[in-house]
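Structural description and commentary
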There are 2 protein chains.
Amino acid sequence: MQKDVTIYDLARELNLSPATISRGLKKSNVLNKDTVNRILDKAEEMGYRHNNFASNLRNKRTQTIGIIVPRLNSYFMTSVLAGIEDIASKEGYNIIISQSLEKKELEKSNVHTMFNKRVDGLLISLAYDTKDIDHLQPFFDKQIPVVFFDRAFPTEHSTCVVINNHEAAYKAVKHLIEQGCKRIMHLAGNQLRDVYTDRLNGYKQALEENNIAFDDQLVHICKLGEQDGIEAADAILSMQPEERPDAVFCANDISAVYCMSRLKENGIKIPEDIAFAGFNNDAVSRVVEPKLTTIDYPGYNIGEAAASGLINILKGDITMIKTTKLVLQASLLVRDSSKRQKK
Amino acid sequence: MQKDVTIYDLARELNLSPATISRGLKKSNVLNKDTVNRILDKAEEMGYRHNNFASNLRNKRTQTIGIIVPRLNSYFMTSVLAGIEDIASKEGYNIIISQSLEKKELEKSNVHTMFNKRVDGLLISLAYDTKDIDHLQPFFDKQIPVVFFDRAFPTEHSTCVVINNHEAAYKAVKHLIEQGCKRIMHLAGNQLRDVYTDRLNGYKQALEENNIAFDDQLVHICKLGEQDGIEAADAILSMQPEERPDAVFCANDISAVYCMSRLKENGIKIPEDIAFAGFNNDAVSRVVEPKLTTIDYPGYNIGEAAASGLINILKGDITMIKTTKLVLQASLLVRDSSKRQKK
DNA sequence: TTGTAAGCGTTATCAA
DNA sequence: TTGATAACGCTTACAA
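None of these values were measured; they are calculated from a predicted model.

**Remarks on the domain arrangement of chain A**
Under the domain assignment, chain A is made up of domain 1 (7-50), domain 2 (63-163 + 299-328) and domain 3 (165-297). Computed over C-alpha atoms, the centres of domain 1 of chain A and domain 3 of chain A are 63 Å apart.

**As for the packing of helix H1 (residues 7-14) of chain B against helix H2 (residues 18-25) of chain B**
Residues and elements named next belong to chain B. Contact pair H1 / H2: the axes reach a minimum separation of 8 Å and the direction vectors enclose 105 degrees. Compared by their axis directions, H1 and H2 come out roughly perpendicular. Listed contacts from H2 to Ile-7, Tyr-8, Leu-10, Ala-11 and Leu-14 of H1 are Pro-18, Ile-21 and Leu-25. Of the residues belonging to the contact of H1 with H2, the class tally is eight nonpolar, no polar and no charged.

**Let's talk about the protein's contact with DNA strand D**
Taken together, 27 residues form the shell around DNA strand D, and within it Lys26(A), Tyr48(A), Arg58(A), Thr20(B) and Arg23(B) come nearest. Between a base nitrogen of DNA strand D and a side-chain N or O atom of Tyr8(A), the distance comes to 2.9 Å. Lys26(A) is positioned such that a nitrogen or oxygen atom in its side chain is 2.7 Å from a phosphate oxygen of DNA strand D. Looking at the surface near DNA strand D, the elements with two or more residues in it are helix H1 (7-14), helix H2 (18-25) and helix H4 (52-59) of chain A together with H2 and helix H4 (52-59) of chain B. For the surface near DNA strand D, the element with the most residues is H4(A), which contributes four residues. In the surface near DNA strand D, the residues fall into 10 nonpolar, 11 polar and six charged.

**Notes on the sheet that holds strand S2 (residues 94-99) of chain B**
All names here are of chain B. The six strands are arranged S2-S1-S3-S4-S5-S11 in an open sheet whose pairing can be described as parallel. Whereas interior strands pair on both sides, the edge strands pair on one side only; in this sheet they are S2 and strand S11 (325-328). When the angles between neighbouring strand axes are averaged without regard to direction, this sheet yields 15 degrees. Here three bridges tie strand S3 (residues 121-124) to strand S4 (residues 146-149), and the two strands are oriented parallel to one another. Bridge pairing links Leu-122 to Val-146 in S4.

**Quick word on the relation of the copies chain A and chain B**
With an RMSD of 0.1 Å, the fit of chain A onto chain B corresponds to turning through 180 degrees and sliding 0.1 Å along the axis. Considering both components of the superposition, the chain copies are consistent with a two-fold axis. Taking C-alpha positions as the reference, the residue of chain A nearest the rotation axis is Phe53(A), at 2.3 Å. Taken as a fraction of all interface residues of chain A, those also at the interface in chain B reach 98%, which identifies the copy contact as same-surface.

**Notes on the nonpolar core**
One finds Ile184(A), Phe249(A), Phe276(A), Ile184(B), Phe249(B) and Phe276(B) to be the most contacted residues of the largest nonpolar core, which totals 162 residues. Beyond its immediate chain neighbours, meaning those up to four positions away, Ile184(B) contacts Val173(B), Leu176(B), Ile177(B), Tyr203(B), Leu207(B), Leu218(B), Asp246(B), Ala247(B) and Phe249(B). Counting 38 residues, the second largest nonpolar core, distinct from the first, contains Ile124(A), Phe140(A), Phe148(A) and Met114(B).

**Looking at the pairing of strand S6 (residues 184-188) of chain A**
Residue and element names in this part refer to chain A. In terms of burial, S6 is largely enclosed, as five of its five residues are buried. Side chains Ile-184, His-186 and Ala-188 project from S6 onto one buried face, and the interleaved Met-185 and Leu-187 project onto a second face that is buried too. Where S6 and strand S8 (residues 247-250) come together, four bridges link them in parallel fashion. Paired with His-186 across the bridge in S8 is Phe-249. Relative to strand S7 (residues 219-221), S6 is paired through three bridges, and the arrangement is parallel. Bridge pairing in S7 places His-186 opposite Val-219. What joins S6 to S7 is helix H9 (residues 194-209), and the crossover it makes is right-handed.

**Section: the UniProt feature "domain: HTH lacI-type" (unreviewed entry) in chain A**
Sites flagged by UniProt as "domain: HTH lacI-type" (unreviewed entry) map to residues 5-59 of chain A. In residues 5-59 of chain A, helix accounts for 69% and strand for 0%; the two terminal C-alpha atoms are 21 Å from one another.

**So, the pairing of strand S1 (residues 64-69) of chain A**
All names here are of chain A. Of all six residues in S1, six are buried, a share of seventy percent or more. Burial of S1 is two-sided: the residues Thr-64, Gly-66 and Ile-68 facing one way and the residues Ile-65, Ile-67 and Val-69 facing the other way are all buried. Following the chain from S1 across helix H5 (residues 75-90) to the adjacent parallel strand S2 (residues 94-99), one finds a crossover that is right-handed. Relative to strand S3 (residues 121-124), S1 is paired through four bridges, and the arrangement is parallel. Directly across from Ile-65, in S3, lies its bridge partner Gly-121.

**So, the packing of aromatic side chains**
All names here are of chain B. The final tally for this structure, using the stated rule, is 12 aromatic pairs over all chains. Arranged with centres 5.5 Å apart and planes meeting at 65 degrees, the rings of Phe-115 and Phe-139 form a pair that is edge-to-face. Here the residue Phe-115 occupies a position in helix H6 (residues 104-116), and Phe-139 occupies one in helix H7 (residues 137-141), the gap between them amounting to 24 residues. Looking at Phe-115, the relative accessible area reads 13%, which means it is buried. Between the aromatic rings of Tyr-203 and Phe-214, the centroid separation amounts to 6.3 Å while the plane-to-plane angle is 75 degrees, which identifies the pairing as edge-to-face. Of this pair, Tyr-203 sits in helix H9 (residues 194-209) while Phe-214 is found in the loop between H9 and strand S7 (219-221), placing the two residues 11 residues apart along the sequence. The class for Phe-214 is partly exposed, based on a relative accessible area of 38%.

**Considerations on the sheet that holds strand S6 (residues 184-188) of chain B**
Residues and elements named next belong to chain B. On the basis of which strands lie adjacent, the open sheet formed by four strands has the order S7-S6-S8-S9 and parallel pairing. Whereas interior strands pair on both sides, the edge strands pair on one side only; in this sheet they are S7 and strand S9 (275-277). With strand direction ignored, the average angle separating the axes of adjacent strands in the sheet is 15 degrees. Here helix H8 (residues 165-178) sits on the sheet and contacts S6, strand S8 (247-250) and S9; the angle it forms with S8, its principal contact strand, is near 170 degrees. Packing against the sheet, H9 makes contact with S6, S7 and S8, and its axis sits at approximately 170 degrees to S6.

**So, the protein's contact with DNA strand C**
Around DNA strand C lies a shell of 27 residues, among which Thr20(A), Arg23(A), Arg58(A), Tyr48(B) and Arg58(B) are the nearest. Counting only the atoms of DNA strand C within 4 Å of the protein, the fraction contributed by sugar and phosphate is 64%. Val30(A) places a main-chain nitrogen or oxygen 3.4 Å from a phosphate oxygen of DNA strand C. Only H2 and H4 of chain A together with H1, H2 and H4 of chain B provide two or more residues apiece to the surface near DNA strand C. Considering every element that reaches the surface near DNA strand C, the biggest residue donor is H4(B), with four residues. Partitioning the surface near DNA strand C into residue classes produces 10 nonpolar, 11 polar and six charged.

How each quantity is defined
- Residues numbered from 1 in each chain as written.
- Chains lettered and ligands numbered in written order.
- Predicted model: local features only at pLDDT ≥ 70, side-chain atom pairs only at ≥ 80, totals over all residues.
- Heavy atoms only, no water.
- Domains from an automatic or database assignment.
- Axes fitted to C-alpha atoms, helices over the stretch in contact; angles between N-to-C directions.
- Helix = DSSP H or I, 4+ residues; strand = E, 2+ residues; numbered from the N terminus.
- Parallel < 35°, antiparallel > 145°, perpendicular 65-115°, else oblique.
- Contact = heavy atoms within 4.5 Å.
- Nonpolar A, V, L, I, M, F, W, Y, C, P; charged D, E, K, R; others polar.
- Near = heavy atom within 4 Å.
- Polar contact = N/O pair within 3.5 Å; in protein donor to acceptor, adjacent residues only side chain to side chain.
- Pairing = 2+ DSSP bridges.
- Least-squares fit on C-alpha atoms with pLDDT ≥ 70 in both.
- Core = buried A, V, L, I, M, F, W, Y, C linked by side-chain atoms within 4.5 Å.
- Buried < 20%, exposed > 50% of the residue type's maximum accessible area, 1.4 Å probe, protein only.
- Right-handed = clockwise from strand over helix to strand, strands pointing away.
- UniProt positions renumbered as here; feature names shortened; annotations may be inferred.
- Phe/Tyr/Trp six-rings, centres within 6.5 Å; stacked < 30°, edge-to-face > 60°.

Following this line, the structure appears as structure tokens:
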């Protein structure tokens, strides 16, 4: 491994001081324009590369943003990341990513790692079973800004970027009711997470406004995985036909799709017997048959908003700090799985 | 932002030298066991955290592995990542990830960034249209090890970890032939990538061994996206019924699923009229109806193999350097989309 | 407009 | 088993 070129090497070659080289490399306009160009050319020629470690050590800033997400395997999450990356790179920040795989313990250790890597700020969407945010205390203590997105935790310490889950769920359920459904089941997520309680409440509100009694037998709280969808279907199949729901509103697409398929395999007609609506606009929602009515979750926008929010705080923009909650719009996508009325 | 605790602070508190503290913190067994414990306790107590920058600056190693992938949005890729992450973290390496989004230019700039971040080694799966690996030259020049996985490039410089795409494709097509298919279309990927040429060749071999003439009218080279699947379906629909293929073998699942759906919408029966086989075992292959016969691509294992390969090289294990190519097994998953024979 | 010099926190080498 | 010291490469206050 040959030796790296440093500013000292450039200094020697150009008969300048290291300080001048350092200024030249960041195009300081206190320098002679000509000197700057000579420095840049020489750097190029000699294959100089900036040493972040030395510079971070000196600056006590890393220009790095940490991101912790439950999982990277959804279209939603990769869109969020794309949004974050765009903003971050435009502003000269690097990002490091880690997954909690929905486990609090792993999230905790990821937070610890991010802290030790001295990220300038943290973007986080909480794991399924995270009950408190004690593990973020080191960040709060050191006043390193933390921005929550999607799966947030109510706190005074941080900004969060979310969508109006209540309203989105309300719209989906209202739509099902408009299609003539009266007995609507809800596959709900972990009630520790605001995103899922809000969806449940939106569901309740839609029922109430349409004078449909809420029946907690029809709410299944689960992990919203493939298996959970299948189990919900089996539960429906084991009911007396007259007790069965005539629609299912699922808090995500995966569980909806698997539930739907299982029912279809057992002779239930979608949407005639049971209509379906999901949440997220995942790829699977467009592949399943009939195509799944769902909520378009604006991942890219959420990522953008979260990243700009964080960077504004880092830059000392106080107005942003006061915006503790940023709510983005999500829209209903009506597809065949819920279309019962031919007009 | 309060000041960080350094080894000097610990040294002062414990009446030891910074050197001793440094040793203690990494549990050097040259030290008195008791001293080590006192140091660790004090560090904990004072909230010391290790400064990677100082340490990297000193060591000229970053303990970081760079990963560049085309996209993070497939089950395959996230499995690969999981495999890499497991091995890397076990060995004390951190990872940084970036996406080329299938674009050579972006890949180039990602490589550049990784180089500047001084990763100890690079794991890369090439973008769709990368024609050469000149952009990796800085790594080769500096002898920083590069390991290709999945989408590799034939070169003497590097190890690569792949599956036997030829054999996997051969098995899939042979299976279709065994189901009685005689006119098999192939949706192929960019022939710049070995993975796709190998699949095409496997397809050819299966035809040949079964005395089916190769017909290049039946090979559609495309980007294997949703739209490409749909277009292939339209092409089939525009053929005279007797000219139509009786099976389609697609180089990935996405294109297969969209092609299949379009044909179904137009009254073609799967698998009776046209049987289907895909590649990758993506989530969609299990959601579509009928479920798609496909090749199980062992992402996790590929990730593990690539990461261990790289780390072995970093540790100076010469035997690994000689293993320029590591080939993993992939197996055929037969599902309803290709089952024509009832036994 | 450029130079001098100190310091960021850690670790390897040598000495004790 | 522990300590002293120099070095890693960059930045910046201050001086020229």
